Amino acid sequence: DDDNFSSAFCENSEKLINVHLFALAAKYYSLSSLGVCTPLEDVLEALKGDSEGATGIKPDEFMNNKKSHEVQAMSELVDSIANYCGIKQVIDIGSGKGYLSSFLSMQYNLKVYGIDSSSSNTNGAHERNRKLKKHWRAYQSRGKENLKSQSLEKANDRPGEHELNCKKINEDLLNNANSFQNQGQVIVQDLVPSCDFTEMAALETNTETEAGLVTGTQSHETKLSEEFLAVLNVLPVDAAEDFSSSHCNCGELCEEEKVQRKMTSLKTKARKSSQSNLYLPLTSCITSETELNDIITDLEDCMMVGLHTCGDLAANTLRIFTAKPEIKAVCSVGCCYHLLSEQFENQEECHDQVWGFPMCQYLKDKSWCCGRNARMSACLALERVAVGQMLPTESLFYRAVLQVIIEEIYGVTKSDRHVGKTFSKSSSFIDYVRRSLKKLELDDSKLPDSCIMDYYEKYKPRMNELEAFNMLKVVLAPCIEVLILLDRLCYLKEQENIAWSGLVKLFDPVKSPRCYAVIALKNQSCS
């Protein structure tokens, strides 16, 4: 109980005297021990319905293992919530380079708007789509080669049938081109599968050799075209260009290429007219006062998601969700707790500012404050340390000694500038200090190498103390994260228009330390 845990500290000096008891107390107050989380399996079971949009993309082909794990887990949950609420539009806040947005669009046929405040991130999303296009062409080229060899084999067995089938396909494509143009859809000579690139060769062979895919009913043709758009819509406008480069010897376009060129000219209309399977990256700074209608002109009933939304953006995502009637659900995974703004951290009053912490009225009434050091500790990854991924002790030691130097030599105790990842670029402690001072815009000419090394030698024997102190911070990290996450959950519980809200452990904490999602569904359309 609390009385037993308090004996971890000396009653008079308030110093830590029982590390084992301290660790037990920290574990007791972690999310995994408090029993306030809803198991992911229970949430998925409660939301279970028909997921018709899945098309079998493998995310690990286009992103690293960590991002693949996050995107796959979160997109499955988002799709389940969207189906349950009967919505097809998703707004991805802090979308970055569009990993989650593009996957939701391709895999689950959702219309996704990815909003990020950084234009470089939005440009990065376009660059990632360019890379997807490169994969697309490679898979398609590989499929064509397989198709060509298999078609030749079949032609040798039945020389007359192959020519007849090709002629029939071309005639039907020409006859049906206008009807598909009215729908803003695209037909390509080599009909492509929906999104499972790894099976392209086999599926293309089927579409070429079975004339029924072209000569059958128009509804079936429409389905194939829509499946093609599932990939096309997530790529840049020119992603589908140059599907065929073959020309007739006589210098005139063959019938296949006439159809090809006509159909590729329709793809822009297809992108504009298609009402689903869209991923549109947008650049905008999101605050609690943001009017989504100003950013998204065709805003409809939707849900809001955020994968590792930084600092106050996670809190503002929840505020926008509760305030906007169009947003029926939210799934938010926050990060960067050290960047949260705190209402009670400073003495000065700022009545008009919207703070990242606290959100709930309960903690506001208590004027609760964590402080930057505690929030920095909340960002540490206990589970990673537990499996042997130790803290970077040497870089932390460099940073600690640097702070002593700039305080004692330069008299600087606070700075808006950051050292950043200087350690990885430095060849020695002297090099590290000089690079850091330049970043902090401090004159390093008055600091000789011998003076820098004197500081290093003075504090080197205390490196073990620093490591022990940082390990205690790691042990305490889950408790501080609990406070921040429960504050957000309590804020949702205080709202009258919320039907259900909860915390869900969404990711493996070793792969992705910020693994908890805040989820909520509104009353009116998600009951």
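Counting restarts for each chain, with residues numbered from 1 along the sequence as it is written. Since the coordinates come from a predicted model, pLDDT governs what is reported: local features require at least 70, and pairs of side-chain atoms require 80 or more to be given and counted, while whole-chain, interface and lining totals use all residues. Heavy atoms throughout the structure, all of them, feed into the side-chain values; hydrogens and water do not.

Draft legend 1. Structural context of the state of the cysteines. Cysteine sulfurs are considered disulfide-paired once they come within 2.5 Å of each other. Under the criterion given, the structure shown has zero disulfides. No disulfide involves Cys310; its sulfur sits 3.3 Å from the nearest other cysteine sulfur, which is in Cys336. Summary of the burial criterion: residues with accessible area below 20% of their type's maximum are buried, those above 50% are exposed, and those between are partly exposed, where the area comes from a 1.4 Å probe applied to protein chains only. Accessibility expressed as a relative area gives 32% for Cys310, which makes it partly exposed. No disulfide involves Cys369; its sulfur sits 6.6 Å from the nearest other cysteine sulfur, which is in Cys370.

Draft legend 2. Quick peek at the pattern of salt bridges. Think of a salt bridge as a Lys or Arg side-chain nitrogen and an Asp or Glu carboxyl oxygen that are within 4 Å of each other. Overall, the coordinates contain 14 salt bridges when judged by the stated rule. The shortest N-O distance in the salt bridge between Glu70 and Lys66 comes to 2.5 Å. Within this pair, Glu70 and its partner Lys66 are both found in helix H5 (residues 65–85), separated by four residues, close to a single helical turn. The exposure class of Glu70 is buried, given its relative accessible area of 0%. You can call Lys66 partly exposed: its relative accessible area is 32%. For Asp431, the salt bridge goes to Arg435, with nearest N and O atoms at 3.1 Å. Of this pair, Asp431 and Arg435 are both found in helix H20 (residues 429–439), four residues apart, which corresponds to roughly one turn of the helix. When its relative accessible area of 36% is taken as the criterion, Arg435 is described as partly exposed. In this description a helix means any DSSP run of H or I spanning at least four residues, a strand means any run of E spanning at least two, and both kinds are numbered starting from the N terminus.

Draft legend 3. Representation of the environment of Arg372. In this structure, Arg372 sits in helix H17 (residues 372–378). Along the backbone, Arg372 and Tyr337 are 35 residues apart, and their C-alpha atoms lie at a distance of 8.8 Å. Setting aside chain neighbours within four positions, we find Arg372 in contact with His338, Glu342 and Glu345. Under this definition, polar contacts are N or O atom pairs within 3.5 Å; protein pairs additionally need one hydrogen-donor-capable and one acceptor-capable atom, and for neighbouring residues in sequence, both atoms have to be side-chain atoms. Polar contacts involving the side chain of Arg372 include one to the main-chain carbonyl oxygen of His338, which spans 3.3 Å. Throughout, a contact is declared for two residues whenever any of their heavy atoms are within 4.5 Å.

Draft legend 4. Representation of unusual backbone geometry. The amide bond that connects Phe357 to the next residue, Pro358, takes the cis arrangement and shows omega of -5°. Summarising the element assignment, Pro358 is placed in the loop between strand E5 (327–335) and helix H16 (361–365). Residues other than glycine seldom take positive phi values, yet Asn109 does so here, at roughly 60°. Topologically, Asn109 is positioned in the loop between helix H6 (99–108) and strand E2 (111–116).

Draft legend 5. Quick look at the nonpolar core. Here, nonpolar core means buried Ala, Val, Leu, Ile, Met, Phe, Trp, Tyr and Cys residues that are tied together by side-chain atoms lying within 4.5 Å of each other. In this structure, Met74, Leu77, Ile81, Ile91, Met303, Cys331 and Leu506 are the most contacted members of the largest nonpolar core, which totals 73 residues. Sorting elements by how many residues they give to this core places H5 first, with eight residues. Residues in contact with Met74, not counting those within four places in the same chain, are Leu100, Val305, Gly306, Leu307, Cys331, Val333, Leu506 and Phe507. Core analysis: the next-biggest nonpolar cluster, separate from the first, contains 23 residues, Phe429, Leu442, Cys451 and Leu466 among them.

Draft legend 6. Seen up close, the packing of aromatic side chains. Aromatic pairs are defined between Phe, Tyr and Trp rings, using the six-membered ring for Trp, whenever the two ring centres lie within 6.5 Å; interplanar angles under 30 degrees are classed as stacked, those over 60 as edge-to-face, and all others as tilted. Across all of its chains, the model carries 12 aromatic pairs by this definition. Where Phe397 meets Tyr456, the ring centres are 5.7 Å apart and the plane angle is 75°; that geometry is what we call edge-to-face. Residue Phe397 is found in helix H19 (residues 393–408), and its partner Tyr456 is found in helix H21 (residues 449–459); the two are separated by 59 residues along the sequence. For Tyr456, a relative accessible area of 13% gives the class buried. Through pairs of rings, three or more aromatic residues link up here, namely Phe397, Tyr398, Phe423, Phe429, Tyr432 and Tyr456. In this scheme, Lys NZ or Arg CZ marks a charge over a ring once it lies within 6 Å of the ring centre and within 35 degrees of the ring normal. Over the aromatic face of Phe321 sits the side chain of Lys522, whose NZ or CZ is 4.9 Å from the ring centroid.

Draft legend 7. Summary view of helix H2 (residues 19–28). Looking at H2, one finds that the buried residues are Leu21, Phe22, Ala25 and Ala26. Down the axis, H2 shows its buried residues gathered within 140° of arc, on one side only. Facing away from the buried side of H2 by over 90 degrees, the exposed positions are His20 and Lys27. To obtain the arc, one takes the directions from the helix axis to the C-beta atoms.

Draft legend 8. Representation of the side chain of Ser332 within the structure. Looking at where Ser332 falls in the secondary structure, it is placed in strand E5. Given a relative accessible area of 3%, Ser332 falls into the buried group. With sequence-adjacent residues up to four places away left out, Ser332 is seen in contact with Gly306, Thr309, Ala314, Thr317, Leu318, Tyr516, Ala517 and Val518.

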